[in-house]
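Listed here are the chains, written in short residue letters.
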Amino acid sequence: MKKFLFKIIFKFHKKVFNLAKTVQFDAVHAHDFDTVRVGNKLKKKFKVPLIYDIHDLYESYLRNNKFLKIIIRNLDIFYCKKADLIIIVNDSFKMRPQIKGRKTVLLMNTPLLRGNVFSKNTKEGIFYAGGLQESRKMDFVFEANKELNQRVTIAGDGPLLEEYMKEYDSNLNTFLG
């Protein structure tokens with residue numbers, strides 16, 4: 001399975017690199033860790049700035065594999081040093097070792113909401129798909145839902161999954177993993 005995944009990633013990188021040879025561009029915008037390697041190659045080859053957009057900290061998904069976690073963190077530090085600009089989606093990312101002291105822009109990937117956007121006791125509920133780590137602040141959703149009484153369905157994994165399952169166990173919350 002791991003060999004298959006690496007094969008897909010390298011095939012994707014090769015395809016992107018070959019496609020980049022056919023177009024003109026002023027910068028490379030790499031979204032997340034899985035694209036920054038090819039982004040860095042494009043930066044070097046075409047002498048354009050690299051913008052590294054960090055939505056997730058991939059190391060946080062590897063809670064049981066400390067060796068791989070260290071490798072991912074060190075590679076991330078390496079690529080952050082290569083980036084001309086880092087876009088972060090969460091202000092708390094600024095304190096991460098790979099980001100601290102670097103040129104960053106905070107650009108949250110959530111809409112600006114005005115007024116009361118939640119209604120009580122609707123049949124629709126709340127759905128979230130994504131990582132369950134501290135930076136996502138999902139505990140806010142669970143705490144707010146104590147007042148709202150909505151169904152909350154979570155499709156995601158991460159270091160806080162088990163903690164959330166214990167702390168917010170109720171007939172309103174469904175954890176799909």
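Participant: Describe the nonpolar core, and please don't skip the residues or the numbers.
Facilitator: In this structure, Val36, Tyr52, Ile54 and Phe93 are the most contacted members of the largest nonpolar core, which totals 23 residues. Mapped onto this core, the elements with two or more residues apiece are helix 1 (2-20), strand 1 (28-31), helix 2 (33-46), strand 2 (50-54), helix 3 (66-82) and strand 3 (85-88). For this core, the element with the most residues is helix 2, which contributes 4 residues. In contact with Ile54, not counting residues within four places along its chain, are Asp32, Cys80, Ile86, Ile87, Ile88, Val89, Phe93 and Ile99. If you look at the next biggest cluster of nonpolar residues, it comprises 13 residues, including Tyr128, Phe142, Ile154 and Tyr168.

Participant: Hey, could you go over the pairing of strand 5 (residues 126-129) for me, with residue numbers and the actual values?
Facilitator: Of the two faces of strand 5, the one lined by Ile126 and Tyr128 is fully buried and the one lined by Phe127 and Ala129 carries no buried residue. The parallel pair strand 5 and strand 6 (residues 152-155), bridged by helix 4 (residues 138-148), forms a crossover whose chirality is right-handed.

Participant: Account for the sheet that holds strand 3, with residues named and values stated.
Facilitator: One open sheet holds the 4 strands; their spatial order is 1-2-3-4, and the pairing between them is parallel. Sheet topology places strand 1 and strand 4 (104-106) at the edges, where each strand pairs with a single neighbour. Neighbouring strand axes in the sheet, compared pairwise and without regard to direction, differ in orientation by 20° on average. Pairing between strand 3 and strand 4: 3 bridges, direction parallel. Residue pairing across strands places Ile87 opposite Val105, the latter belonging to strand 4. The sheet contacts of helix 2 involve strand 1 and strand 2, and relative to strand 1 the element is tilted by about 160°.

Participant: Tell me about unusual backbone geometry, and name the residues and values.
Facilitator: Excluding glycine, a negative phi dihedral is what most residues carry, and trans is how most peptide bonds are arranged. For Asp32, which is not a glycine, the phi torsion comes out positive at approximately 75°. In this fold, Asp32 is placed in the loop between strand 1 and helix 2. Even without being glycine, Lys47 reaches a positive phi, approximately 50°. Among the secondary structure elements, Lys47 is positioned in the loop between helix 2 and strand 2. Assessed through its relative accessible area of 72%, Lys47 is described here as exposed.

Participant: Run through the pattern of salt bridges, naming residues and quoting values.
Facilitator: Scanning the model with the defined rule gives 2 salt bridges in all. Of the charged contacts, one joins Asp84 and Lys43 as a salt bridge, the two residues approaching to 3.0 Å between their closest N and O atoms. Here the residue Asp84 occupies a position in the loop between helix 3 and strand 3, and Lys43 occupies one in helix 2, the gap between them amounting to 41 residues. The exposure class of Asp84 is partly exposed, given its relative accessible area of 37%. Its salt-bridge partner being Lys146, residue Glu143 comes within 3.2 Å of it at the nearest N-O pair. Pair noted here: Glu143 and Lys146 are both in helix 4, with a separation of 3 residues, about one helical turn.

About the thresholds
- Residues numbered from 1 in each chain as written.
- Predicted model: local features only at pLDDT ≥ 70, side-chain atom pairs only at ≥ 80, totals over all residues.
- Heavy atoms only, no water.
- Core = buried A, V, L, I, M, F, W, Y, C linked by side-chain atoms within 4.5 Å.
- Buried < 20%, exposed > 50% of the residue type's maximum accessible area, 1.4 Å probe, protein only.
- Helix = DSSP H or I, 4+ residues; strand = E, 2+ residues; numbered from the N terminus.
- Contact = heavy atoms within 4.5 Å.
- Right-handed = clockwise from strand over helix to strand, strands pointing away.
- Pairing = 2+ DSSP bridges.
- Axes fitted to C-alpha atoms, helices over the stretch in contact; angles between N-to-C directions.
- Salt bridge = Lys/Arg side-chain N within 4 Å of Asp/Glu carboxyl O.

Remember that the coordinates give geometry; whether it matters functionally is a separate question.
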